[in-house]
Amino acid sequence: MAYPVADSQSNKAAVQATNDDASASKLSCVKKGYMKDDYIHLFVRRPVRRSPIINRGYFARWAALRRLLYQFLDCGSDGDKKCHTKKQILSLGAGFDTTYFQLQAEGKAPHLYVELDFIEVTSKKAALIETHGELKDKVGVTASISQAKGEVLGDNYKLLPVDLRDIQMLNEVINLANMDPRVVDVHSWVLTLHQHYLQRKNCFLTRVGRYQQAVAWDMLRVYSTFINPQERRRSTIVLLMQSMMPWGCLGILAFQKTKSASSTPLSVGSP
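Since the model is a prediction, treat every value here as computed from it, not as a measurement.

*Asks:* Can you walk me through unusual backbone geometry in this structure?
*Replies:* With glycine set apart, most residues show a phi of negative sign, and most peptide bonds adopt trans. At Asn-178, a position not held by glycine, the phi torsion is positive, near 65°. Structurally, the position occupied by Asn-178 is in the loop between helix 6 (167-176) and strand 6 (186-191).

*Asks:* Can you walk me through the nonpolar core in this structure?
*Replies:* Soluble globular proteins tend to pack their nonpolar side chains together in the buried interior. With 22 residues, the main nonpolar core has Ile-89, Phe-101, Ile-129, Leu-135, Val-139, Val-152 and Tyr-157 as its most contacted residues. For this core, the secondary structure elements donating two or more residues are helix 2 (52-74), helix 3 (99-106), helix 4 (119-131), helix 5 (133-139) and strand 5 (157-161). In contact with Tyr-157, other than residues within four places in its own chain, are Tyr-100, Phe-101, Tyr-113, Glu-115, Lys-125, Ile-129, Val-139 and Val-152.

*Asks:* It is not clear to me how the packing of helix 2 against helix 9 (residues 219-226) should be interpreted in this structure. Could you clarify?
*Replies:* Packed helix pairs are characterised by how far apart their axes lie and by the angle those axes make with each other. Close contact between helix 2 and helix 9 brings their axes to 9 Å; oriented N to C, the two are set at 60°. With respect to helix 9, the element helix 2 is oriented oblique. Considering how the two elements wind past one another, helix 2 and helix 9 form a crossing that is left-handed. Here Arg-56, Gly-57, Ala-60, Arg-61, Ala-64, Arg-67 and Leu-68 of helix 2 lie close against helix 9, whose contacting residues are Met-219, Val-222, Tyr-223, Thr-225 and Phe-226. Split by residue class, the contact of helix 2 with helix 9 holds seven nonpolar, two polar and three charged.

*Asks:* In this structure, what is going on with the environment of Pro-47? I would like to understand it.
*Replies:* Mapped onto the elements, Pro-47 comes out in the loop between helix 1 (5-31) and helix 2. Considering only alpha carbons, one finds Pro-47 and Ser-28, 19 residues apart in sequence, at a separation of 7.3 Å. Not counting the four nearest positions on each side in its chain, Pro-47 is found in contact with Leu-27 and Lys-31.

*Asks:* Would you explain the pattern of salt bridges in this entry?
*Replies:* Under the defined criterion, the tally for this structure stands at six salt bridges. For Asp-21, the salt bridge is made with Arg-50, and the minimal N-O distance between the two is 2.6 Å. Of this pair, Asp-21 sits in helix 1 while Arg-50 sits in the loop between helix 1 and helix 2, and the two are 29 residues apart along the sequence. A relative accessible area of 36% means that Asp-21 is categorised as partly exposed. Note that Lys-36 is salt-bridged to Asp-38, the shortest N-O span being 2.7 Å.

*Asks:* What should I look at first to understand the pairing of strand 2 (residues 112-117) in this one?
*Replies:* The side chains of a regular strand alternate, first on one face of the sheet and then on the other. For strand 2, a buried count of six out of six residues is recorded, marking the element as mostly surrounded by other parts of the structure. Of the two faces of strand 2, the one carrying Leu-112, Val-114 and Leu-116 and the one carrying Tyr-113, Glu-115 and Asp-117 are both buried. In this structure, strand 1 (residues 86-92) lies alongside strand 2, joined through five bridges in parallel fashion. Counterpart to Ile-89 in the pairing with strand 2 is Tyr-113. Traced from strand 1 through helix 3 to strand 2, the parallel crossover comes out right-handed. Two strands pair when backbone bridges link them, and strand 2 and strand 5 are joined in this way by five bridges, in the parallel orientation. Each bridged residue has a counterpart across the sheet, and for Asp-117 the counterpart in strand 5 is Pro-161.

Rules used throughout
Residues numbered from 1 in each chain as written. Predicted model: local features only at pLDDT ≥ 70, side-chain atom pairs only at ≥ 80, totals over all residues. Heavy atoms only, no water. Helix = DSSP H or I, 4+ residues; strand = E, 2+ residues; numbered from the N terminus. Core = buried A, V, L, I, M, F, W, Y, C linked by side-chain atoms within 4.5 Å. Buried < 20%, exposed > 50% of the residue type's maximum accessible area, 1.4 Å probe, protein only. Contact = heavy atoms within 4.5 Å. Axes fitted to C-alpha atoms, helices over the stretch in contact; angles between N-to-C directions. Parallel < 35°, antiparallel > 145°, perpendicular 65-115°, else oblique. Left-handed = near helix turned anticlockwise from the far one by under 90°. Nonpolar A, V, L, I, M, F, W, Y, C, P; charged D, E, K, R; others polar. Salt bridge = Lys/Arg side-chain N within 4 Å of Asp/Glu carboxyl O. Pairing = 2+ DSSP bridges. Right-handed = clockwise from strand over helix to strand, strands pointing away.

Given below as structure tokens:
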């Protein structure tokens, strides 16, 4: 699908800017003790100090995703035959997200983890992975890394460039990553956080795959439902003297795809 050059470049620049902003915000959260991430500092050139409300919002989204990811990855570890041990994660608009490296360090990495983004982003990420040994070790000694192509191709981790607005190319890249939606015992998560992609979700969700369930929550729902009460109290102390603001713009979207009709739906109840 063709896009006007000026419009396309403007949109790409805006989306890429959110990546840098998000990485700096995550580092701010880490430095303030909201969350743990041993790798995000490797992706931030200029650390900034965010306001408490921004820190709290990023913490809530991180904690909610962590809970859902663990729910997904731990499914089947207790011998439950309804869940399968071979899992895939596809991250659209991954940016400088460090989830894969964290999961590897925790021994929870899935069978296949695939990240997609604009080549301008993946090229920088590939270069950083090649530069920093603590990142390079996590993608495997046999992984091929190309900054020019914006690619990292490992056995269990793939970083690939694509414009998500180009549905045909998106499907080709997913096939290149060796993600097999036909295999019954493979569960896939698709996670996307960029508002640009959320606005276009009807363009690709119906074409990339047939999703049994798609749910979206605003930040108030995320914070009140998915965050452990003890963690909520801890983060609230930081903001005790701060005024609140609407969090509706800091939403989270998660999709679960499975070929098993008996699969358990996402848990959205209280913790």
